[in-house]
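Fold and geometry: a report
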Amino acid sequence: MPLISIRLSFHFYPSPQQLESINQEIIELSLQRQALLQQPETHNNHCQRCEIKNKIKQHNFTLTYAKPLAMGGILSGGVCIFTGVIALFLIQRLGRKAGKSGKQLCTNFTSASHIMRAILLILPISLFLSFSSSLFILTDGLILTKLAGLIAVAGLCLSIWEIYNKKNITAETSVNGVLITSETNPKLYKLIEKIVQKLELNVMPDNIIFCIGHGFKISNQTIYLYPRQTILTGNTLYLDSTYINYLTLAELSSIIAHELSHIASNDLSLPKNFYRQIDRLTEAITSFSRSRLFYPAYLLSKHYYCSFNRAIRQWNCSREYRADSNALKIIPKEYLALALSKIHLLQVPINQALDNYYHNAHTTHLPLDYVTHYVAQSEIPSLSKLLKKQPSVYDTHPTLAQRLSAIKYRELNRLCGLLISISPTSLLTELFSHESNTLQSDYQTNMQKIAKTNINYLKKHINNHQQTVTIKQGGIIRLLLRSLLASLFILITYAFLITDEKHDSEWLITVIILSIISIFCLRRCYKMYQCIGSPLLTITPQGLVLPCFDKAIPWEQIIHYQINEAIYKKLDIYLSPAFNPGTFKSGGAKIKYNRQNNHIQITAYEIKGKINLPDCAPLISDYIMAANARLELQLFTQNKE
């Protein structure tokens, strides 16, 4: 794009011979006008004078502004290219050097963030000014074009400013747990104090919570502890009660030592601001990707994220490796290896058990007993299979194999033998007896309240929404505008063909480029003409009917949908991975189907009818909620029976 703009600016840059020719023509036109003024006033005479006046005005504009505007176009296009290239190299360099330490990563990421903010303002403005300069010369500087340009630049700056200057929202995490203190559990408190001393920490964690779910972790996020409605701040150590039945005291100590090592390494102070910046960046990438106008900004933002992605993953892994090595100062590596393996193996069945317990909230079983019974009936994967798991770029933690390799634990066959079957143990029952009873009672009561509220909410949604809506593709206005654009390029091409007498290589290249653009515009007009009137989708109570599939897609199979309104209206639908919508067939509507991701994208230029695609968003949400409510209620009913 900047290259085309520079090329146009060079083409419009007047040579001294052209300027001399225009001066001579102005003199001749002025003499003709003077001669017409001396003649009697007639309609024909008046039209000729107006025509001469307009030509003189155009030539004066060319003499005054053609050179500055052409220079501005060349300069703006050059700035656009230069800025983009320099930004790519700077961000790439900062990303490569970011993996040395967490502090270096945060510093480099912040520096790159400031560069990005400047670049995302400079690039679009430079590109716009470059094209505007050529456009002003081509249209003889019409005031409407200038005003439209100023409005577009102002809107561009405002939208980017809003994206990068959103207010930070501090989130609170709600946790169903019991607070452990030195008075309520002196044994555990003394154990943690010993670990703190051996790790040479200066302070204890501010809060220790015994909870159901949430795993073992350390966090500095504000916590809302229910049912006692307590707000906790500072560093909080989470101890997940669902794993306690499967761990020994030595294994629990190794996990506590690992989590407290994050405090010792000051890992919690960095992520608070650092991950907020990453969230902003990913949000900006998502926003830019929806619009073709911001496509260069999207590519640059994506490059920014990818440049630091490796360093971010390395830093996340290094935190875990460092915490594991610190834990080995107080505990033999076999106990840490056992603890890590058990957590990795039990994670999926325990999460499934807690989810299933919610649908069995009426049961009299205590939560931890229910989890233990559910895990005993579940199939736990073998450790050897888990060790073969490949790392993913999206993982914030290293794999089990990587962690065992980092602590140099080599006896994998022995470890696999010890974990052929994981049986519950009562070794830690006495240590958490008081907290366990209180926690289970509170959790059971709270789950029953939540389930009861949700069941009443589900019943209200099941029989709602019986409306059927069909949406068809429009686009007559957009087709007209596209046709005008195609006509404009055809006229420009025709003007080049008949006005330029040199017919040199520069003229030939220009004609070829303009011809390609004209053909491209005409082709798009024809494709849009074919789409007008074709059905896009039909919303029914049973499911979503698309012309590309023979059967309707049930609402409960849609796991996520999103409607974008930038340039075109797009409906993105993500189906359940296990669901097969059938054979895809192309038609008049612009519908894409990615079988691998089970993703459907419907593009609408315009909607034919009174209802718009964005207006359907609440209706689609209601249908999906009603379908999910039906499934949820069915699960509650089945489990109750």
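Quantities reported herein were computed from a predicted structural model and do not represent experimental measurements. Within each chain, residue numbers correspond to sequence positions counted from 1 in written order. For this predicted model, a pLDDT threshold of at least 70 governs which residues receive local features, and a threshold of 80 or more governs which side-chain atom pairs are given and counted, while totals over whole chains, interfaces and linings are taken from all residues. Side-chain numbers come from the whole structure's heavy atoms, not from hydrogens or water.

**Side note on the overall build of the protein chain**
- Counting its secondary structure elements, the protein chain contains 19 helices and 15 strands.
- Only protein chains enter the accessibility calculation, which uses a 1.4 Å probe; a residue is then buried when its area is under 20% of its type maximum, exposed when over 50%, and partly exposed in between. The proportion of buried residues among the 641 residues of the protein chain is 43%.
- It only takes one pair of heavy atoms within 4.5 Å for two residues to be counted as in contact. Long-range pairs, those at least 24 residues apart, make up 77% of the contacts in the protein chain with a sequence separation of at least 6.
- Under the convention used here, a 1.4 Å probe and the Shrake-Rupley method define accessible areas, while residue burial counts only the protein chains that appear. Here the protein chain displays about 35200 Å² of accessible surface, and carbon together with sulfur accounts for 57% of that area. Numbering goes from the N terminus for both helices and strands, where a helix is a DSSP run of H or I of at least four residues and a strand is a run of E of at least two.

**Describing the packing of aromatic side chains**
- Two rings from Phe, Tyr or Trp (for Trp, the six-membered ring) form a pair when their centres sit within 6.5 Å of each other. Planes less than 30 degrees apart are called stacked, planes more than 60 degrees apart edge-to-face, and all others tilted. Per the counting criterion, the structure on display carries 9 aromatic pairs.
- Ring centres 4.6 Å apart and planes at 5 degrees place the aromatic pair phenylalanine 210 and phenylalanine 432 in the stacked group. Remark: phenylalanine 432 occurs in the loop between helix H15 (412-418) and helix H16 (433-462) and phenylalanine 210 occurs in strand E2 (residues 207-211); sequence separation between them is 222 residues. When sorted by exposure, phenylalanine 210 lands in the same class as phenylalanine 432, which is buried.

**Notes on helix H6 (residues 186-198)**
- Its 13 residues give H6 an end-to-end C-alpha distance of 18 Å, which sits within 8% of 18 Å, the value for a rise of 1.5 Å per residue.
- Buried within H6 are the following residues: Leu188, Leu191, Ile192, Ile195 and Val196. The buried side chains of H6 occupy one side of the element, clustering within an arc of 140 degrees when seen end-on. Projecting away from the buried face of H6 at angles above 90 degrees are the exposed residues Lys187, Lys190, Lys194, Gln197 and Lys198.
- At its buried positions, H6 is contacted by strand E1 (173-180), E2, strand E6 (236-240) and helix H8 (249-264). To estimate the expected span of a helix, count its residues, drop one, and scale the result by 1.5 Å. Of all possible arcs, the one meant is that of the directions from the helix axis to the C-beta atoms.

**Remarks on a nonpolar patch on the surface**
- A cluster of nonpolar side chains, contributed by Ile477, Leu480, Leu481 and Leu484, occupies part of the molecular surface with about 430 Å² of accessible area.
- Assignment of secondary structure puts leucine 484 in helix H17 (residues 476-499).
- Taking the relative accessible area as the measure of exposure, leucine 484 reaches 51% and is therefore exposed. Surface patches are defined over residues having more than 30% relative accessible area and no salt bridge, joining like charges when they lie within 9 Å and nonpolar side chains (Val, Leu, Ile, Met, Phe, Trp, Tyr) when within 5 Å. Salt bridges, as used here, are contacts in which a Lys or Arg side-chain nitrogen is within 4 Å of a carboxyl oxygen on Asp or Glu.

**A closer look at the environment of isoleucine 56**
- Positionally, isoleucine 56 belongs in helix H3 (residues 43-96).
- Residue isoleucine 56 is classed as buried on the basis of its relative accessible area, which comes to 11%.
- Measuring from C-alpha to C-alpha, the distance between isoleucine 56 and isoleucine 26 comes to 5.9 Å, with 30 residues separating the pair along the chain.
- Sequence-distant contacts of isoleucine 56, defined by excluding residues within four places in its chain, comprise Leu29, Ser30 and Arg33.

**With respect to the sheet that holds strand E9 (residues 543-545)**
- When DSSP finds two or more bridges between a pair of strands, those strands are recorded as paired. If you walk across this open sheet you meet the 5 strands as E10-E9-E8-E7-E15, and the pairing is antiparallel. Across the chains shown, the open sheet's two edge strands, defined by having one partner strand only, are strand E10 (553-554) and strand E15 (607-608).
- Bridge count between strand E7 (residues 469-473) and strand E8 (residues 535-539): 4 bridges; the pairing is antiparallel. In the sheet register, threonine 470 faces E8, and the bridge partner there is threonine 538.

**Examining the side chain of asparagine 245**
- Secondary-structure assignment places asparagine 245 in the loop between helix H7 (241-244) and H8.
- Definition of a polar contact: a pair of N or O atoms within 3.5 Å, with one able to donate and the other able to accept a hydrogen when the atoms are protein atoms, and with sequence-neighbouring residues admitted only if both atoms are side-chain atoms. For asparagine 245, the side chain forms a polar contact with the side chain of threonine 372, separated by 3.2 Å.
- In contact with asparagine 245, not counting residues within four places along its chain, are Leu368, Thr372, Ser423, Pro424 and Thr425.

**So, the confidence of the model for the protein chain**
- Confidence of the predictor in every single residue is expressed as pLDDT, which spans 0 to 100. Looking at the protein chain, pLDDT values average 78 and 78% of them are 70 or higher.
- No element of the protein chain has a lower mean pLDDT than helix H5 (residues 143-164), which averages 55, and none a higher one than E6, which averages 91.

**Here's the deal with the sheet that holds strand E12 (residues 569-575)**
- The strand order across the open sheet built from 4 strands is E11-E12-E14-E13, with neighbouring strands paired in antiparallel fashion. The sheet is open, and its two borders are formed by strand E11 (558-564) and strand E13 (590-594), each paired with just one other strand. Across the sheet, the mean angle separating the axes of adjacent strands is 15 degrees when strand polarity is ignored.
- Where E11 meets E12, 6 bridges bridge the pair, whose relative direction is antiparallel. What sits directly across from tyrosine 561, in E12, is isoleucine 573. Interaxial angles span 0 to 180 degrees and are taken between N-to-C directions of axes, which are lines fitted to C-alpha atoms, for helices over the stretch in contact.

**What about the packing of H8 against helix H11 (residues 333-359)?**
- At their nearest, the axes of H8 and H11 sit 8 Å apart, and the two run at 85 degrees to each other. Of the possible angle classes, the one that applies to H8 and H11 is roughly perpendicular. On H11, the residues touching Ala250, Glu251, Ser254 and Ile255 of H8 are Tyr335, Leu336, Leu338, Ala339, Lys342 and Ile343.
- Its residues assigned to classes, the contact of H8 with H11 comprises 7 nonpolar, 1 polar and 2 charged. Convention used here: angles under 35 degrees read as roughly parallel, angles over 145 as roughly antiparallel, angles from 65 to 115 as roughly perpendicular, and any remaining angle as oblique. Polar here means any residue outside two lists: the nonpolar Ala, Val, Leu, Ile, Met, Phe, Trp, Tyr, Cys and Pro, and the charged Asp, Glu, Lys and Arg; Gly therefore counts as polar.

**Overview of the nonpolar core**
- Here, the term nonpolar core denotes a set of buried Ala, Val, Leu, Ile, Met, Phe, Trp, Tyr and Cys residues that are joined through side-chain atoms within 4.5 Å. Within the largest apolar cluster, 68 residues are counted, with the highest numbers of intra-cluster contacts made by Leu188, Phe216, Leu239, Ile256, Leu260 and Phe432.
- Examining the composition of this core, we find that 13 residues originate from one element, H11, more than from any other.
- Contact partners of leucine 260, with chain neighbours within four places excluded, come to Ile192, Ile195, Val196, Leu199, Leu201, Pro205, Ile218 and Leu237.
- The next biggest cluster of nonpolar side chains, apart from the first, holds 32 residues, and it includes Ile553, Phe579, Ile591 and Tyr623.

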